[in-house]
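As a plain string of letters, each chain reads:
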Amino acid sequence: MDVLLDLYRDMWVVRAFELGLEREFKKGNVPGMLHTGLGQEAVQAAIAQSLRHTDAFFPDHRCHGLLVLAGTPGEKIMAELFGKATGVCSGKGGSLHSADPSVGNFGDNAVEGSMMATALGVALAYKMQKRDDLAAVIVGDGTSGRGEWHESLNLAATWKLPVLYCCVNNGYAISTAVGKAHATENLYEFACAYKMPSIQVDGNDIVAAHKATEEAVDHIRKGNGPFFIEYKTWRWQGIFSGEFRPDDEVHYWREEHEPIKLAQQHLISSGIADAAQLEQIKAEVEAQVEDWITFAKDSPAPDPAKATSNVYVGWEIAAR
Amino acid sequence: MKRMTIVQAINNALDIMMAEDERVFLLGEDIGHMGGDFGVTRGLWEKYGDERVRDTPLSEAAIIGTAVGAAMVGMRPVPEIMFSDFLGTCYDQIVNNAAKMHYMFDGQFKSPIVIRTATGGGFGGGPHHSQSVEGWFMNVPGLVIVAPATPADAKGLMISSIENDNPILFLEHKALYRVRGDVDESKYSTPLRKAAISREGTDVTVVASMKMVHESLAAAAELAEEGISVEVIDLRTLRPWDEETVFASVRKTGRAVVANEAPKMGGLGADVSAAISEECFSALKAPVRRVCGLDAPIPFSVSLEKLILPGKDDVKQAIKAALA
Ligand SMILES: Cc1ncc(C[n+]2csc(CCOP(=O)(O)OP(=O)(O)O)c2C)c(N)n1
Ligand SMILES: [Mg+2]
């Protein structure tokens, strides 16, 4: 099967997962805060496709779909977001802190950008252990103001570490436009200053995003040190109170330059698939996501003993 | 047995662990050919090379982040933060990442790092090179704080710390670096979470840490001449601290003084004294007293610094008040 058809299915996993999750969130079934990856499906599909289980990746707060694409059973991710016992972290991590080392998921860190530093250590260790695996870190544009962001680029370049930087530039950090808060709106330019190979790519074009990611990973695996990819994209989610971006901008990204539509056009025009096939993929994925939601809903709450377990390795904490 | 300073004892522990376990590596500022600001890593770069004794830029958050990431995939990093005052620059990495990871991912990752850092006052380092920071970290579940007072303990505790699977903040008091003592040259470990009874006594218990152990021992020696018998406990692990040893001693003596160099408010002294009051109330013959630093930054001038930091005479006074 054509890899693009795989990627198309993957994009639908992200889309359907987030739409289902958002629906349940609005019903009050999902606790906490919700950040969705809607609109960024191509970026997530491209990254997941290029990594392997022995790599390490640090997902960002919009990567629910990517966690599934990485190989964790969808129901375990969904159950984690519902705070259930069957979740991948027994309900202790939730949306912003789900990890699964068995597929290379090293966990999100909701202190945005902090894992830029953690990724260095994994990459350094892999190098010392003479493995040819890499550490990927997925971060939003907003993290480029963090000190760790710059410390990380500097050290990865200086030490030639196998780090893949996936910078998801969706134009805003909550409500603040990239250019209003940073010296450049083209974040790959920061990587240039650190003498790190980099590329800026249309993150809504799955063909381009896939190609860029494959090339970056190949560069790193050959022992050439880090690579920085800036994916230009756009998130559907505005701010918590609603949409704040101008109408023409919303129209462009949601209608004209919407990643799944673009992929459909490409697949059909290049004869890889027909409309019926694509419709079938969508229906299959949607049905699967509904099963995951049912599983999560039907799962029990975590065992109360979990509240105090694993604070320390090997030590219990004092009772109340 | 060999006479060693604390600097040499920690150096010896690092050397033993690096020779024995390839996963152990060091990173920090000027720890390589220079051997660190205080010489703790001297000679290790020559022996283990650039890879395992890794000089870094002034990127404290990246130093700790790198250590945590490497620990997640099986390494045993020992990062150095030159002065504990700088821990503010990597506080997030320690508190939100290293200390929470095992819990929030429900046991799927561990973060066995030992953060070495020079702490404490008494040498005219001024406001940014003299603080006692244990209070900043007392409130952090998942973190261990280790703080030796003698060369033998410094070595044994360092070995235990590197072998332990939890993230550890290892405080090295600058004023104690040159303290000498007999140290066994072979490999041994000193248990974590176990206080030491540095001097036995029957009238009053002094619970101390780091430099205040020495101040308390000096106070105890002088008071012995007045017929007062002081028991001095060296906590050694500050978080989680050894309640069993402390409570047993206080139940025996009926009086307690807690001696800690950091500011009084919200610190180790507050926690230990509150716990003693809570658990040993019926055994207490007097209120628990705290000997701590004053609630001020550490000034530069040595004459002013002396007014802020607690010392032997403050311990003596508190003991006498407890006995009054
Ligand atoms: C260090 C830190 N500061 C602030 C926040 C609060 N916060 C959560 S998401 C966010 C914006 C992040 O923007 P960006 O990285 O561009 O990601 P996006 O949400 O646009 O995908 C902020 C400020 C945080 N979680 N961590
Ligand atoms: Mg953004």
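Described below are features of the structure shown in this document. The shown structure was predicted, so the numbers you read here are calculated from the model rather than taken from an experiment.

### Here's the deal with helix 1 (residues 3–26) of chain A
All names here are of chain A.
At step 1: Between its terminal C-alpha atoms helix 1 stretches 35 Å, which fits the 34 Å expected from 24 residues at 1.5 Å a residue.
At step 2: Burial within helix 1 is extensive, with 17 of its 24 residues counted as buried.
At step 3: Of the residues flanking the start of helix 1, the one acting as N-cap is Asp2, its side-chain oxygen 2.8 Å from the backbone nitrogen of Leu4.
At step 4: Gly28 sits one or two residues past helix 1 and shows a positive phi near 90°.

### Description of the packing of helix 5 (residues 115–128) of chain A against helix 3 (residues 60–72) of chain B
At step 1: Taken N-terminus to C-terminus, the directions of helix 5 of chain A and helix 3 of chain B make an angle of 50°; their axes are 6 Å apart at the nearest point. Relative to helix 3 of chain B, the element helix 5 of chain A lies oblique. Like other packed secondary-structure pairs, helix 5 of chain A and helix 3 of chain B cross with a definite hand, here right-handed. Counted together, A:Ala117, A:Thr118, A:Leu120, A:Gly121, A:Val122, A:Leu124 and A:Ala125 of helix 5 of chain A and B:Ala61, B:Ala62, B:Gly65, B:Thr66, B:Val68, B:Gly69, B:Ala70 and B:Met72 of helix 3 of chain B form the full contact between these two elements.

### Digging into the interface of chain B and chain A
At step 1: With 44 residues of chain B in contact, the opposing surface of chain A contributes 43 residues.
At step 2: Connecting chain B to chain A are three salt bridges.
At step 3: Put simply, B:Asp106 and A:Lys306 hold a salt bridge, and the shortest N to O gap is 2.7 Å.
At step 4: Along the contact surface separating chain B from chain A lie 21 residue pairs in polar contact (both at pLDDT 80 or more).
At step 5: It is helix 3 of chain B that provides the largest number of residues to the side of chain B that touches chain A, a total of nine residues.

### Looking at the coordination of the magnesium ion (ligand 2)
In an ideal octahedron of six donors the angles at the metal are 90 or 180 degrees, and in an ideal tetrahedron of four donors they are 109.5 degrees.
Residues and elements named next belong to chain A.
At step 1: For the magnesium ion (ligand 2), the full set of protein donor atoms is Asp141 (OD), Asn170 (OD1) and Tyr172 (O), and the range of their distances to it is 2.0 to 2.1 Å.
At step 2: The motif formed by the donor residues of the magnesium ion (ligand 2), counted along the single chain, is D-x28-N-x1-Y.
At step 3: Judged by relative accessible area, Asn170 falls into the buried class, the value being 5%.

### A word on the nonpolar core
At step 1: Ranked by internal contacts, the top residues of the largest apolar core, which has 202 residues, are A:Leu164, A:Tyr165 and B:Ile276.
At step 2: In terms of residue count, helix 1 of chain A provides more of this core than any other element does, 11 residues in total.
At step 3: Shared between two domains, this core holds at least three residues of each, these being domain 1 (2–183) and domain 2 (196–323) of chain B.
At step 4: Counting six residues, the second largest nonpolar core, distinct from the first, contains A:Tyr172, A:Trp234, A:Trp236 and A:Val250.

### What to know about the sheet that holds strand 3 (residues 163–169) of chain A
Residues and elements named next belong to chain A.
At step 1: Spatially, 1-2-3-7-6 is the arrangement adopted by the five strands of the open sheet, whose pairing is parallel. The open sheet terminates on both sides in strands that have one partner only, identified here as strand 1 (56–58) and strand 6 (198–202). In this sheet, adjacent strand axes meet at a mean angle of 15° when their direction is disregarded.
At step 2: One ladder, built from three bridges, connects strand 1 with strand 2 (residues 135–140); its direction is parallel. Note on strand 2: the bridge partner recorded for Phe58 is Val137.
At step 3: The sheet contacts of helix 9 (residues 206–224) involve strand 3, strand 6 and strand 7 (227–232), and relative to strand 7 the element is tilted by about 170°.

Each value, and the rule that gives it
Residues numbered from 1 in each chain as written. Chains lettered and ligands numbered in written order. Predicted model: local features only at pLDDT ≥ 70, side-chain atom pairs only at ≥ 80, totals over all residues. Heavy atoms only, no water. Helix = DSSP H or I, 4+ residues; strand = E, 2+ residues; numbered from the N terminus. Expected span 1.5 Å × (residues − 1). Buried < 20%, exposed > 50% of the residue type's maximum accessible area, 1.4 Å probe, protein only. Polar contact = N/O pair within 3.5 Å; in protein donor to acceptor, adjacent residues only side chain to side chain. Axes fitted to C-alpha atoms, helices over the stretch in contact; angles between N-to-C directions. Parallel < 35°, antiparallel > 145°, perpendicular 65-115°, else oblique. Left-handed = near helix turned anticlockwise from the far one by under 90°. Contact = heavy atoms within 4.5 Å. Salt bridge = Lys/Arg side-chain N within 4 Å of Asp/Glu carboxyl O. Donors = N, O, S within 2.8 Å, 3.2 Å for Na, K, Ca; no water. Core = buried A, V, L, I, M, F, W, Y, C linked by side-chain atoms within 4.5 Å. Domains from an automatic or database assignment. Pairing = 2+ DSSP bridges.

In short, shape yes, function no, at least from these values alone.
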